[in-house]
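Spelled out, the chains give:
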Amino acid sequence: MKIKDSKNTNTGSVNSACGNVHIGDNYYKSIEYNELQDSIKQLEKLVDLTEGNEEKQSYLEKLREKKKQLGEFKQGVISLAEIFQKIEIDTERLKKAKQFFDYGKFKEARVILDTEKIGNDQQQLLQKKIELEEKSKQTEKDLTHNANEYLVLAKLTAINFELMNWFEKTLEYFELSLKSNRNKENLFYYAHFLQEHKRENEAVSLYEEALSIYKKLAGMESQNYSPNIAGISGNLANVYADLNEADKAIQHYRDTLEIWHNLESSQPQIYLPNLADSLNNTGAFYFKNSKFYEAKFYLSNALIIYRQLNDKSDNGKYKLSSALNNLGCLEVEPEKSMKCFDEALKIRRKLSSKCFFTYSFFLAETLINIFKQNKDEKLLKEALDVYRELVKTNPYRYYSSLAQALMELATLQLTKDEFGEAEISCANALAIYQQLAEKNPQTFLPDVADTLSNLAILRGRQNDFFKAEKSYQDALEIRKQLAIANPQSFLSHLVNIQLSMAFFYQRLKVDKAKSIQLIDEVFKTLLPYSKISETQKYIRRALNILDDWGIDGMAHLKKKEKMININSLNKNHIDINWNKNYIIV
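## As for the overall build of the protein
Scanning the protein from N- to C-terminus turns up 26 helices and zero strands. Burial status across the protein gives 51% buried among its 585 residues. Pairs at least 24 residues apart make up 65% of the contacts formed inside the protein by residues separated by at least 6 positions. Surface exposure of the protein reaches about 28,200 Å², of which carbon and sulfur atoms provide 50%.

## Digging into a positive patch on the surface
Residues Lys 312, Lys 317, Lys 346 and Lys 350 make up a contiguous surface patch of positive charge. Within the secondary structure layout, Lys 346 lies in helix H15 (residues 334-354).

## Regarding the confidence of the model for the protein
Confidence in the prediction of the protein, expressed as mean pLDDT, is 87, and 90% of residues score 70 or more. The least confident element of the protein, judged by mean pLDDT, is helix H26 (residues 566-569) at 42; the most confident is H15 at 96. In the model, residues 1-24 has pLDDT below 50 throughout and makes 91 contacts with residues more than four positions away in sequence or in other chains. Under a pLDDT of 50 for its full length, residues 578-585 has, in the predicted model, 38 contacts with residues more than four places off or in other chains.

## Things to note about unusual backbone geometry
Despite not being glycine, Ser 290 shows a phi value in the positive range, around 60°. Tracing the chain through its elements places Ser 290 in the loop between helix H12 (268-288) and helix H13 (292-309). Even without a glycine there, the phi angle at Asp 417 is positive, about 60°. Structurally, the position occupied by Asp 417 is in the loop between helix H18 (395-415) and helix H19 (419-439).

## Comments concerning the state of the cysteines
One pass over the structure, following the stated rule, counts zero disulfides. With no disulfide of its own, Cys 329 lies 9.5 Å from the sulfur of Cys 340, the closest cysteine sulfur. By relative accessible area, Cys 329 is classed as buried at 4%.

## Overview of helix H21 (residues 465-485)
The first and last C-alpha atoms of H21 sit 30 Å apart over 21 residues, in line with the 30 Å expected at 1.5 Å per residue. Those residues of H21 that sit buried are Ala 468, Glu 469, Ser 471, Tyr 472, Ala 475, Leu 476, Ile 478, Arg 479, Leu 482 and Ala 483. In this fold, the buried residues of H21 make contact with helix H20 (441-461), helix H22 (487-507) and helix H23 (512-526).

## Quick look at the side chain of Lys 155
Looking at the element boundaries, Lys 155 is found in helix H6 (residues 137-158). One buried charged residue, Lys 155, forms no salt bridge at all, with the nearest opposite charge on Glu 196 at 6.0 Å. Sequence-distant contacts of Lys 155, defined by excluding residues within four places in its chain, comprise Ser 79, Leu 80, Ile 83 and Phe 174.

## Digging into the packing of helix H5 (residues 115-131) against helix H7 (residues 166-180)
Where H5 contacts H7, the two axes come as close as 11 Å, and the packing angle between them is 25°. Relative to H7, the element H5 lies roughly parallel. Seen from above, H5 lies across H7 with left-handed handedness. Contacts between H5 and H7 involve Thr 115, Gln 122, Gln 123 and Leu 126 on the former and, on the latter, Tyr 173, Leu 176, Lys 179 and Ser 180. Of the residues belonging to the contact of H5 with H7, the class tally is three nonpolar, four polar and one charged.

Thresholds applied
Residues numbered from 1 in each chain as written. Predicted model: local features only at pLDDT ≥ 70, side-chain atom pairs only at ≥ 80, totals over all residues. Heavy atoms only, no water. Helix = DSSP H or I, 4+ residues; strand = E, 2+ residues; numbered from the N terminus. Buried < 20%, exposed > 50% of the residue type's maximum accessible area, 1.4 Å probe, protein only. Contact = heavy atoms within 4.5 Å. Areas by Shrake-Rupley, 256 points an atom, 1.4 Å probe, with all protein chains shown as cover. Patch = residues over 30% accessible without salt bridge, like charges linked within 9 Å, V, L, I, M, F, W, Y side chains within 5 Å. Salt bridge = Lys/Arg side-chain N within 4 Å of Asp/Glu carboxyl O. Lys, Arg positive; Asp, Glu negative; His and termini not counted. Charge placed at Lys NZ, Arg CZ, Asp CG, Glu CD. pLDDT = per-residue confidence, 0-100. Disulfide = S-S within 2.5 Å. Expected span 1.5 Å × (residues − 1). Axes fitted to C-alpha atoms, helices over the stretch in contact; angles between N-to-C directions. Parallel < 35°, antiparallel > 145°, perpendicular 65-115°, else oblique. Left-handed = near helix turned anticlockwise from the far one by under 90°. Nonpolar A, V, L, I, M, F, W, Y, C, P; charged D, E, K, R; others polar.

Below, the structure written as structure tokens:
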């Protein structure tokens, strides 16, 4: 048996600025920054002075949390600086908030942007809008300012570590900003926030709306808005890829590449890095979809450009490591693959040591990729420790990565015949995926089905046939739903689990009728694609199971062909993606 195993690749950095912006930072002026710095220094002293292991660990945990807060605090302030550059600051509240912000007085800025006062203004303005027969330009302008105030408040709330429900409040303020005025800034930043926190379904429509606005503006000033269009289109490509909507993802990747290529041809000094990022993202997508020739083309060109740019900044080094990591996943020859991984790992260790909560996620990604090659358990455990630390700070963002690492651990435990431990790891991963699927089914239901299938196999290995059957049945129902909604991506998954269950009912929980019924369902699914070579391996597996039952497989298949009107099904036009890693019994 093999548990689903796919290498981690970067889909690339998200374009958080939506265009080129020049910003400064002023976090060092704030009381909060200095308090964090003082706390860090004090905790570092306590760590050095403390001899008791338990007490030292307690101080170390507090120190890591404070350093994490400091890193996120800096990033939040920089993001707010971007917003203040882009919006019109025409209200007294925003002017005062900007003044306080410039002097690092963030608490005072939040007080100025009191939600009750902003909300009262919003209600009054909305009521006025309803009563007017003709839109008042001034009211629309005021609503835009009101929306900008809520946008700034949303971003301020996202870095308010003292607020327990910061995530829910951030969503609320984004929604209130849109309620006042839906503009390209609040649509983009809200979509970006949702994408960062694995809410892709909700992010799509906001990105599409923002893209529509920019395209209308580009009709008047094409060159001015082309970078914005490329940035949003690239983010949309990544979102659609995560949602398993390959056709839409490919179209956006192509659109993005075309724009950056055109811009780079006239201004390479400005846009060559963007072109490299787009090549890297596109290559990673093709790799994940088993288009290896295309992936090699795009990733190799991205690496060439990154080396040519020789960007010594942390972000430049990260991008180089991203291309190396992706090429390491793609290379077939172990030596070439490890050469890419080793260089990426060296870069990412240095970056993670400088800023753990910014770069450690990518460090863990490369650790797992190397583990998949050399099976060094220490690397997997290091990656798990990183993910568990990140989940403490932002579960919305990192739970899925922890679940993937737990499945790697289950695979390792299985090879060591540690079936009980493997089942626990698999069950823990399943609990995470099920929780994520409640809010984002399109992204995480496939993972739930995969994990249920793996859990069924593990339980079967332990002769717990009742639980194994229940896990198989749950996985089968999900696969049927997914195959109906998106046959291109999930029909092959459905066939695979049907074959696995047919084998289960033949060798473990013996039930000839159920086993043959599942084989018949496989034939019904596959016969419309019988001329496609990739289906033959699945048909052969089905015939082998029938032969083991003492049934003439070929005769049974021919009988089914006569019963099914293949032409009437009209499915041959669908380009099924058969080249995946599946669970194999």
